[in-house]
Amino acid sequence: MTIQTGSFSGSRENVSADLQAGEVIHVWLKARITGVTASVGVTVEGVEITAAVSTNTEEFEFQQVVLPAGGKCVLSYEPSATAVSVIYSFDPVGVLEGGIRVLHCSPANAPPQLHSGYHFRPPFGWMNDPNGFGRFGGKAHLFYQHYPHSLRWNTMHWGHAVSHDYLHWTHLPVFLFPAAELSMRDDGRGGAFSGSAIPVATKDGEQILVFFTEQVRDRKPEEQIQLSAICADGVFVGNPCVVLPVRPEGLGLTLDFRDPYVFKGPDGLWKMMLGSRDKSGGVILLYETSDRDAAGSWSFVGVLHREDRFGMTAAECPCMIPLGDVASDETRWALIFGLLTSRDAATGRRNMSSVTVGRFDGRHFQPEFEQELDFGSDAYAFQAFVDHDGPVGLAWLANWTDVSKSVDFPTAMTLPRRILLDGSSVLTPPLEAVEGLRHKLLDDDRLRTGKSVELVDGAVEIELDLKQAGASFELCFDHPEISLGVRLDDDGLAVLFDAGTGKPSPRYLAAGAKPEQVRIFVDAGSIEVFADNGRWCGTKRIPGFAAIRSATLNASEGNIAAARVWQLKL
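Residues numbered from 1 in each chain as written. Predicted model: local features only at pLDDT ≥ 70, side-chain atom pairs only at ≥ 80, totals over all residues. Heavy atoms only, no water.

**A few points about the nonpolar core**
Here's step 1: Grouped together as the largest cluster of nonpolar side chains are 36 residues, with contacts concentrated most on Leu447, Ile462, Phe473, Leu475, Phe477, Ile520 and Ile527.
Here's step 2: Take this core: its biggest share by element is four residues, from strand β32 (residues 460-466).
Here's step 3: Apart from residues no more than four positions distant in its own chain, Phe473 is found in contact with Leu464, Leu466, Val486, Arg487, Leu488, Val518, Leu553, Asn554, Ala555 and Ile560. (Core = buried A, V, L, I, M, F, W, Y, C linked by side-chain atoms within 4.5 Å. Buried < 20%, exposed > 50% of the residue type's maximum accessible area, 1.4 Å probe, protein only. Helix = DSSP H or I, 4+ residues; strand = E, 2+ residues; numbered from the N terminus. Contact = heavy atoms within 4.5 Å.)

Listed below in structure tokens is the structure:
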């Protein structure tokens, strides 16, 4: 992928590329001066084909150009009059395989230029929650909350990518756009918020039906309503229609009414969960429809689950996964959701995510046990679906506690994870495919014997086998900007993190954990810890992208059976 960033120095800016006839160019632009028209000229082989013209708005305006001829294409604009955010091109016939080609990003939305890195990141702009995660037409599709024009949250779109292994992703055109009245301003009033997607069979093949929340701040009577839209070709979506225009009455709910997650229940009917809250805490609502294609006729079933222990928190991004045969009465279901504004008094962590396991008959959920999804708290808005070989999910590798309205915040998705039931525990280990990232064995002796191991570019996996469950150790990382490590002692398993700001950091602790094996994945901007096949998981975003330079393991003699370090590479 080639990224070109404009200097906006006042001279005419040109972007050139060799393109084929029929290719499509997407460009976002806006006027810099009130009353002056913004434009981008598109010239192929010396002949000007068309120009993208913008009205004078506060937000970047989208334009599409289809090339009637191929050859050397030059896109040019006057930076003093026109601001250009993104330009990319693609072949509309082969885009699912070839993806988009980014021709230009502005400095405000350009992605980090990393030497290595194996986590999913958007090709430009801001990203948060995963949406519509599923397999359609033989490919894994990932949609995500997206703002194309800067590295900060703003008016929400949906980004889109496809993969064959959940690790190597092909970026596709921006999928969902905010409503027209929201697109004209960059004040963060709403847009296409989070949701999900299901396959719909037709006589011509399979389509994707997406569900999402449309947010418009201060809209009466509802700020948040639920919409659906059909994607017939796996790339482009049709016009959305409203499926749930109002919240259920009589429950004392706040305006929070969002994040539709649609799935097939054990009774064969389509179900929809939504997150909300009332004065006592988080509320998860359940709807259903007898419509075979989930196209409409949604009816409210009732409150499926609540979480009142953290006060008036909003339940967000609910997800329900069968941990076995959907048709079996013995199958347990995992209900996963985030708790916005929740705070754990013991550790100071915020915005935790919970997984509750129980029986689900299609209308009622009977909890049997629960556990925290991730003790690092930076695996938020987890979304999963049942693939051919079992449930798989991922999350936004960040936490709203860290998000600032004034500081750029490029983020990633977590590694893809399994969701497994082991007695009275849920395991979320990394997908088996991550072992294919192991590029080179860096060490299988020095770390175990207490010597420092250089990590080259910091993209590594460290695997520790302990002589006995709970054997103590401390793994220390040499990072140029923060204090970082992993410790196992009588308190449990912890990610040690101190950003050096002078403010006390929360304790990222799995209290009482006594694992026998620990896998640690380090990448630019993140650390993920998986203990005993994902029985305990701790994910922490690391500010910036400086590489960890080395690792040193401190442990009593006889505590460590083996320690291996792999260089990772996509």
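**Observations regarding the pairing of β32**
Here's step 1: When you tally the buried positions in β32, you get seven out of seven residues, the bulk of the element.
Here's step 2: What you see with β32 is no split at all: Val460, Ile462, Leu464 and Leu466 on one side and Glu461, Glu463 and Asp465 on the other are buried throughout.
Here's step 3: Relative to strand β37 (residues 517-523), β32 is paired through six bridges, and the arrangement is antiparallel. Each bridged residue has a counterpart across the sheet, and for Glu461 the counterpart in β37 is Phe521. (Pairing = 2+ DSSP bridges.)

**Quick notes on the sheet that holds strand β21 (residues 314-322)**
Here's step 1: Spatial strand order, β21-β22-β23-β24: four strands in an open sheet with antiparallel pairing. The open sheet has two edge strands, β21 and β24 (365-372), and neither has a second partner. Strand-to-strand twist of the sheet, defined as the mean angle between neighbouring strand axes without regard to direction, takes the value 25 degrees.
Here's step 2: By the bridge criterion, seven bridges tie strand β23 (residues 353-360) to β24 in an arrangement that is antiparallel. (Axes fitted to C-alpha atoms, helices over the stretch in contact; angles between N-to-C directions.)

**Side note on the environment of Tyr508**
Here's step 1: Topologically, Tyr508 is positioned in strand β36 (residues 508-511).
Here's step 2: Taking the C-alpha atoms as reference points, Tyr508 and Gly376, separated by 132 residues in sequence, lie 5.1 Å from one another.
Here's step 3: Apart from the residues lying within four places of it in its own chain, the contact partners of Tyr508 are Arg349, Phe375, Gly376, Leu493, Ala494, Val495, Phe497 and Lys540.

**Points about the packing of aromatic side chains**
Here's step 1: Evaluation of the coordinates by the stated rule reveals 28 aromatic pairs.
Here's step 2: Aromatic pair Trp126 and Trp396: ring centres 5.9 Å apart, planes at 65 degrees, arrangement edge-to-face. Taken as a pair, Trp126 in strand β9 (residues 126-136) and Trp396 in strand β26 (residues 390-396) lie far apart in primary sequence, 270 residues in all. Each member of the pair, Trp126 together with Trp396, is buried.
Here's step 3: Judged by centre distance (5.8 Å) and plane angle (35 degrees), the rings of Trp126 and Phe409 are tilted. Within this pair, whereas Trp126 is found in strand β9, its partner Phe409 is found in the loop between β26 and β27 (417-418), the two being separated by 283 residues in sequence. (Phe/Tyr/Trp six-rings, centres within 6.5 Å; stacked < 30°, edge-to-face > 60°.)

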